[in-house]
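Geometric and topological summary
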Amino acid sequence: CVLMIRRPPRSTQGGSSAASYVYKRQVKFVTTVADLASRPQHIEALHAADVMSLLRPLLLDNVPSIQESAAIALSRLANHSEDLPSDIVANDILPHLVMSLSQQNRSYKKAAAYVLRSVAKHSEHLAQCVVNAGALESLVSCLEEFDPEVKEVAALAIAYIAKHNNPSLALQVADAGAVPLLNLCRFYPSDAAD
């Protein structure tokens with residue numbers, strides 16, 4: 001279980017060594033998991049340790065670097081097999097990612113969109129779960145971002161949703177208004193949002 005203590009305001013931080021210790025441990029934990037998840041030999045051990053349920057509350061942390069590292073770890077885990085993205089769906093993580101796409105900075109948006117891409121790529125069912133979580137609207141709005149990396153990852157996530165042999169998914173992508181924006185990204189990759 002992860003203890004969630006919010007980092008105190010700077011004016012009181014000097015007297016709160018316990019909160020500072022917890023904050024440092026959270027950063028260390030989430031960066032270590034993200035690093036381990038980048039190596040295939042560690043994936044089974046991370047899955048067995050139920051790391052998904054430990055990362056979920058860190059997506060809601062008030063420290064952006066912790067949120068981003070948690071999303072990066074989830075995307076790396078989800079990229080490896082269909083079991084891990086199923087855990088992301090089962091742990092109710094998708095709604096948090098979708099909600100944050102409209103509220104966070106571009107680095108986090110890129111990481112969250114990559115998680116959605118990594119989940120949607122594995123199967124038609126998982127792609128439908130991403131759509132059911134409301135991701136299409138948020139991903140389409142990411143296509144209008146100024147940052148080309150955010151647009152690219154959002155476009156890839158949308159492509160993985162539409163690529164499955166289910167015309168309903170492709171139709172949902174079209175109905176969400178993605179096609180004109182994807183065309184703009186194709187013709188004007190770095191300035192489609194202008």
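Note: the structure precedes this text.
Reference entry: report on the structure contained in this document. (Residues numbered from 1 in each chain as written. Predicted model: local features only at pLDDT ≥ 70, side-chain atom pairs only at ≥ 80, totals over all residues. Heavy atoms only, no water.)

Our focus in this paragraph is the pattern of salt bridges. Applying the stated criterion to the full structure yields four salt bridges. A salt bridge links Asp147 to Arg106; the shortest N-O distance between them is 3.5 Å. Separated by 41 residues along the polypeptide, Asp147 in the loop between α10 (135-142) and α11 (148-162) and Arg106 in helix α8 (residues 106-120) bring together distant segments of the chain. Between Lys109 and Glu145 there is a salt bridge whose closest N-O contact spans 2.6 Å. With Lys109 in helix α8 and Glu145 in the loop between α10 and α11, the pair connects residues that are 36 residues apart, well separated along the chain. A relative accessible area of 21% means that Glu145 is categorised as partly exposed. (Salt bridge = Lys/Arg side-chain N within 4 Å of Asp/Glu carboxyl O. Helix = DSSP H or I, 4+ residues; strand = E, 2+ residues; numbered from the N terminus. Buried < 20%, exposed > 50% of the residue type's maximum accessible area, 1.4 Å probe, protein only.)

Quick look at α10 now. For α10, the buried fraction is high: six of the eight residues fall into the buried class. Within the sequence span of α10, burial applies to Ala135, Leu136, Ser138, Leu139, Val140 and Cys142.

Another aspect to go through is unusual backbone geometry. Most peptide bonds take the trans form, and the phi angle of most residues other than glycine is negative. Of note, Asp50 is a non-glycine position whose phi angle comes to about 55°, a positive value. Within the fold, Asp50 resides in the loop between α3 (43-48) and α4 (51-55).

This part covers the packing of aromatic side chains. Going through the model one piece at a time under the given rule, you end up with zero aromatic pairs. In this arrangement the basic side chain of Arg117 is found over the ring face of Tyr114, its NZ or CZ atom lying 4.4 Å from the centre. (Phe/Tyr/Trp six-rings, centres within 6.5 Å; stacked < 30°, edge-to-face > 60°. Lys NZ or Arg CZ within 6 Å of the ring centre and 35° of its normal.)

A few words now on the nonpolar core. Among the nonpolar cores identified, the biggest contains 58 residues, and Leu55, Leu77, Ile88, Leu97, Leu116, Leu139 and Ile161 are the most heavily contacted of them. Considering each element in turn, this core owes the most residues, eight residues, to α8. The residues contacting Leu116, other than those within four sequence positions of it, are Leu94, Leu97, Val98, Leu101, Val130, Ala135 and Leu139. (Core = buried A, V, L, I, M, F, W, Y, C linked by side-chain atoms within 4.5 Å. Contact = heavy atoms within 4.5 Å.)

With respect to the secondary-structure elements, Ser75 resides in helix α5 (residues 64-78). Polar side-chain contacts of Ser75 include one of 2.8 Å to the backbone oxygen of Ile72. Those residues in contact with Ser75 that lie beyond four places of it in its chain are Ala111, Tyr114, Val115 and Ser118. (Polar contact = N/O pair within 3.5 Å; in protein donor to acceptor, adjacent residues only side chain to side chain.)

Take the packing of helix α7 (residues 94-101) against α8 next. Where α7 contacts α8, the two axes come as close as 9 Å, and the packing angle between them is 140°. Classified by the interaxial angle, the pair formed by α7 and α8 is oblique. The interaxial crossing formed by α7 with α8 has left-handed handedness. Contacts between α7 and α8 involve Leu94, Leu97, Val98, Ser100 and Leu101 from the first element and Tyr108, Lys109, Ala112, Ala113, Val115, Leu116 and Val119 from the second. Broken down by class, the residue content of the contact of α7 with α8 amounts to ten nonpolar, one polar and one charged. (Axes fitted to C-alpha atoms, helices over the stretch in contact; angles between N-to-C directions. Parallel < 35°, antiparallel > 145°, perpendicular 65-115°, else oblique. Left-handed = near helix turned anticlockwise from the far one by under 90°. Nonpolar A, V, L, I, M, F, W, Y, C, P; charged D, E, K, R; others polar.)

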